[in-house]
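Survey of secondary and tertiary structure
Here's the letter readout for the chains.
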Amino acid sequence: MADTERNARPEPIEYDGPPDYRVVGRHGVYPETNHDEVARFNFLAQMNRHLSTKIMPGVGEAFEARVEPAFKKDKKRGFENRHEVRKALLNDPMFQWWSALRRATMETRQQAGRWVTLRQADELNAKVRDLTEGDERLQLDPGFKQPRSTEAIDHHCMPGSYHTELVPGDITGPANYDAGIFATTGGMLGRYNDGGGVAVAEWVKETFGEDFKPKRILDIGAGLGHNVLPIAAAFPDAEVIAVDAGAPMLRYGLARAKSMGIENVTFIQDDVSDLSRFEDESFDWVQSTMFLHETSYKTMPMIFAETQRLLKPGGIVLHVEQPQYADTMPLFEQAMRDWDAFYNNEPFWTKMHEIDLDDWMKKAGFGDNHLIHGGVAAVVDKDVFPDAADDDSEDFGRKAAWHVVGAKKVA
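The sections below set out a description of the structure shown in this document.

1. Description of the sheet that holds strand S3 (residues 239–244)
Strand order across the open sheet formed by eight strands is S1-S4-S3-S2-S5-S6-S8-S7, with mixed pairing between neighbours. Across the chains shown, the open sheet's two edge strands, defined by having one partner strand only, are strand S1 (138–139) and strand S7 (371–377). Running at roughly 145° to strand S6 (residues 311–321), helix H11 (residues 300–310) makes contact with strand S2 (216–220), strand S5 (283–289) and S6 of the sheet.

Structure, rendered in structure tokens:
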């Protein structure tokens, strides 16, 4: 007689983790990946998901049960700011464990992506060169000097940051970024890592209506263009200019655009704190997406002033970022969001997120009654990717749910 209990199949567990790396969209210059590389990226995506959904809540529990009571007992008062919270967390084994794993996962992600691109560097560089050489939509400056904010930092542990070239015409840095961001976000930026740009384009159309038809759009800190290309596709009649300091990013960005059939974007190398190459009031829309936290406190007022100068009357400027540290945000959450500043090579993160951006917009010349606020979450293909808007997990600083801060220039 059969042992029905022994042979019975358990009910399948509903899977709610990241999608498989093999469904990632592969445009014409996307790096090829073999079986082991795919497995490595899948592991890293799963690990990041595990850290945010299983381990991070334990840090919160440890804070409430041990860290905060110990601080109050010792100091005879509560925490006054996020810096005190962070320093107290440093002594707790739960925070130490989570932080060490998160840092190790990021370093491993960079190592994995770097190997993918380095082993096929010649082929990738040649593909991009064939697509971009002689194209007027790529404007590089051989004598360009990197701002200190990019030159001195390997942002989020990325070797050489956004600008380093191992050989003339190198694009392995941005190819690494493009291929590996899936592992960091768990697929929450969508098939082509462009769900943020898709969300911004949709939000602008919903917010400003059909009458808003920009003829000229400027994207600052454009990187490899994954956020600006959906905007260009959504406004095909507009001339779109993407500015960044990194030549490899710009080369890769144009090649990426052309391979995806997007032809209305020009990629220009420049310092976004001084865009004097462009005339006053020459853009209808100036945009940045997850860029401000990677620029210095010193240059941010210059950037805000430049955006005001460049906008046409009636034009808009939008900065899409993680939320600011307001009084309504718990100090524990602020301290956890600060992790990237101290342990992920994002040194400007902490200062940038405590700034009163509304005040800075007003000082740049925008009127108090013309400020713009909103929120966007990455738009992804629900058939193969989880929808970030429906995901209630939190990964302080990395979740693809952002705030929009901007202004309209009075006509």
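2. Section: the packing of aromatic side chains
Under the counting rule described, the total for this entry stands at 17 aromatic pairs. With centroids separated by 5.3 Å and ring planes inclined at 65°, the aromatic side chains of Tyr-297 and Trp-360 adopt a geometry described as edge-to-face. You can see Tyr-297 sitting in the loop between S5 and H11 and its partner Trp-360 sitting in helix H15 (residues 357–363), a full 63 residues away along the chain. Taken together, the ring pairs connect Phe-95, Trp-98, Trp-339, Phe-342 and Tyr-343 into an aromatic cluster. When the ring centre of Tyr-297 is taken as reference, the NZ or CZ atom of Lys-351 above it lies at 5.2 Å.

3. Points about the environment of Tyr-30
With respect to the element layout, Tyr-30 can be found in the loop between helix H1 (4–7) and helix H2 (35–75). Under the relative-accessibility criterion, Tyr-30 is labelled buried at 3%. For Tyr-30 and Asn-125, which are 95 residues apart along the polypeptide, the C-alpha to C-alpha distance reads 11 Å. Ignoring anything within four residues of it in the chain, the contact list for Tyr-30 reads Tyr-21, Val-24, Gly-25, Leu-124, Asp-178, Ala-179 and Tyr-252. Within the structure, the side chain of Tyr-30 is placed 2.8 Å from the side chain of Tyr-21, a separation counted as a polar contact.

Cut-off values and rules
- Residues numbered from 1 in each chain as written.
- Predicted model: local features only at pLDDT ≥ 70, side-chain atom pairs only at ≥ 80, totals over all residues.
- Heavy atoms only, no water.
- Pairing = 2+ DSSP bridges.
- Helix = DSSP H or I, 4+ residues; strand = E, 2+ residues; numbered from the N terminus.
- Contact = heavy atoms within 4.5 Å.
- Axes fitted to C-alpha atoms, helices over the stretch in contact; angles between N-to-C directions.
- Phe/Tyr/Trp six-rings, centres within 6.5 Å; stacked < 30°, edge-to-face > 60°.
- Lys NZ or Arg CZ within 6 Å of the ring centre and 35° of its normal.
- Buried < 20%, exposed > 50% of the residue type's maximum accessible area, 1.4 Å probe, protein only.
- Polar contact = N/O pair within 3.5 Å; in protein donor to acceptor, adjacent residues only side chain to side chain.

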